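Take a look at the letters that make up each chain.
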Amino acid sequence: MADPKKLFIKTYGCQMNVYDSERMAEALGASGYVTTDRADEADMILLNTCHIREKAAEKVYSELGRFKPLKAANPDLKIGVAGCVAQAEGEEIMRRQPMVDLVVGPQTYHRLPAMEAAVRAGQRAVDTDFPAEDKFEHLPKAPRAKRAPAAFLTVQEGCDKFCAFCVVPYTRGAEVSRPVDRVLREARDLVDRGVREITLLGQNVNAYHGAGDGGTWGLARLIRELAKIDGLERIRFTTSHPNDMEEDLIAAHGDEPKLMPYLHLPVQSGSDKILKAMARKHTAESYIRLIERLRAARPDLLLSGDFIVGFPGETDQDFEDTMTLVRTVSYGQAYSFKYSARPGTPAAEKTPVPDDVASDRLQRLQGLLTEQQRAAQEAMVGRDVSVLFEKPGRLPGQMVGKSDYLHAVHVTDPRAEVGQIARVRIKASGPNSLAGELV
Ligand code: 5AD
Ligand code: SF4
């Protein structure tokens, strides 16, 4: 048998892209590829791109430039661009970069094997359709290899919310939920292969409305069904819109022990004026009430969020309102970004806030969020938490895992094993992780 061809995938952006990269690797596995982490020995390089914020396309072009010598050294090397930049600018990429052989959008990677064959035959291939068929059902079956203990599972994709700043509705398309039985089948398969924690993914995952027994299931019902799977110990989901936080999902945080006490619930801004301009369709107050209900269900819930500063029209007072909201809610973890105009979105038409003003605000907000993150981490010291060990650490005998609150935890103990969930007493808090001992 011929040596397998080697595939190098570089992934940008969100966890859904991480999941998609795995699926693309499996799809090309059927065409005889194995993955490599070395671009210089690859027969095919795929960039799985992200279009959410600034300079997405420029980054892709400069990355492609770095592969030029590899292509010169190996004319058989094929180069592809996948993901959301491919979706938004596929034709343009093909025009500007003759060394790109293949462009595939997020909704068509099940067609990769055929595209790969075309490319091997010397053609260039572009596919940025939004096809009617379910790509997950049309993917070649993966070899049933053992998996790492924590896995992602896409249950919902696309978004119908059309927040004024966001490209997702354009690059990922309309909101689609996978049917319940397919999600359950994939989850059971993951568990059979060693997975103990599943993070359900969707651009707007709590809007999940999959076809199931007796009608349409919401995310809470799906989670409760998944929780019945023996061997699956932990469930998470990301990312959510406040307006889709249904009653039963709030309740599940209190009464479903496998649902972990960590929630990513972006609010973007604390100013009602800006929230309105962003077309978020909620207020700062309604968000804070929602957080209160969640914390009533699960008092130790660790909250995470996303923030945008410098959205067009944001005044100093609007920004102070964001700072006030952050102080009110108190986040254990958060991501904050300077607004970046995305071509084709409604907000891109508006006058931007001066860059130095936006930078100052970002710095102040990040300062506050970092402080809160540190405080939340330090509050763990002395506590016993459950940790799922995911991989050996850098030091000899060290294991790295995640606590139920999603903190990275280091333990040095020969008894700690990958895939094990153990009680760990937290002893120290570092910049980005905790250290502890087996109880
Ligand atoms: N500019 C800055 N940040 C953005 N995000 C989405 N679009 C933009 C944009 N145009 C941020 C939001 C979102 C996260 C995934 O990325 O905070 O929740
Ligand atoms: Fe983008 Fe999220 Fe708004 Fe959808 S809900 S448009 S993915 S920010």
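Everything below is about the structure shown above.
Owing to the predicted nature of the structure, the values given are computational and were not obtained by experimental measurement.

Draft legend 1. Summary view of the site of ligand 2. Close to ligand 2 lie Cys 159, Lys 161, Phe 162, Cys 163, Phe 165, Cys 166, Val 168, Pro 169, His 241 and Arg 280, which account for all nearby residues. Residue composition of the shell around ligand 2, by class: 7 nonpolar, 1 polar and 2 charged.

Draft legend 2. Seen up close, the pattern of salt bridges. Counted according to the given criterion, the structure contains 38 salt bridges. One salt bridge in this structure joins Arg 23 and Glu 22, with 3.6 Å as the shortest N-O distance. Where Arg 111 meets Asp 129, a salt bridge forms, and the shortest distance between an N and an O atom there is 3.2 Å. Placement of Arg 111 in the loop between β5 (102-104) and α4 (112-120) and of Asp 129 in the loop between β6 (125-127) and β7 (150-154) is noted, with a sequence separation of 18 residues between them. The structure contains a network of salt bridges with shared partners spanning Asp 20, Lys 135, Glu 157 and Arg 172.

Draft legend 3. Structural context of the side chain of Arg 193. Take Arg 193: it is sitting in the loop between α6 (180-192) and β10 (197-201). Separated by 2.9 Å, the side chains of Arg 193 and Asp 189 make a polar contact.

Draft legend 4. The side chain of Asn 17, seen in detail. Inspection of the secondary structure assignment puts Asn 17 in helix α1 (residues 15-29). Take Asn 17: its relative accessible area is 2%, and that puts it in the buried class. Excluding residues that lie within four positions of it along the chain, Asn 17 makes contacts with Thr 11, Tyr 12, Asn 48, Thr 49, Cys 50 and Arg 172.

About the cut-offs
- Residues numbered from 1 in each chain as written.
- Chains lettered and ligands numbered in written order.
- Predicted model: local features only at pLDDT ≥ 70, side-chain atom pairs only at ≥ 80, totals over all residues.
- Heavy atoms only, no water.
- Near = heavy atom within 4 Å.
- Nonpolar A, V, L, I, M, F, W, Y, C, P; charged D, E, K, R; others polar.
- Salt bridge = Lys/Arg side-chain N within 4 Å of Asp/Glu carboxyl O.
- Helix = DSSP H or I, 4+ residues; strand = E, 2+ residues; numbered from the N terminus.
- Polar contact = N/O pair within 3.5 Å; in protein donor to acceptor, adjacent residues only side chain to side chain.
- Buried < 20%, exposed > 50% of the residue type's maximum accessible area, 1.4 Å probe, protein only.
- Contact = heavy atoms within 4.5 Å.

Interpretation note: all reported values are geometric properties and have no functional meaning in isolation.
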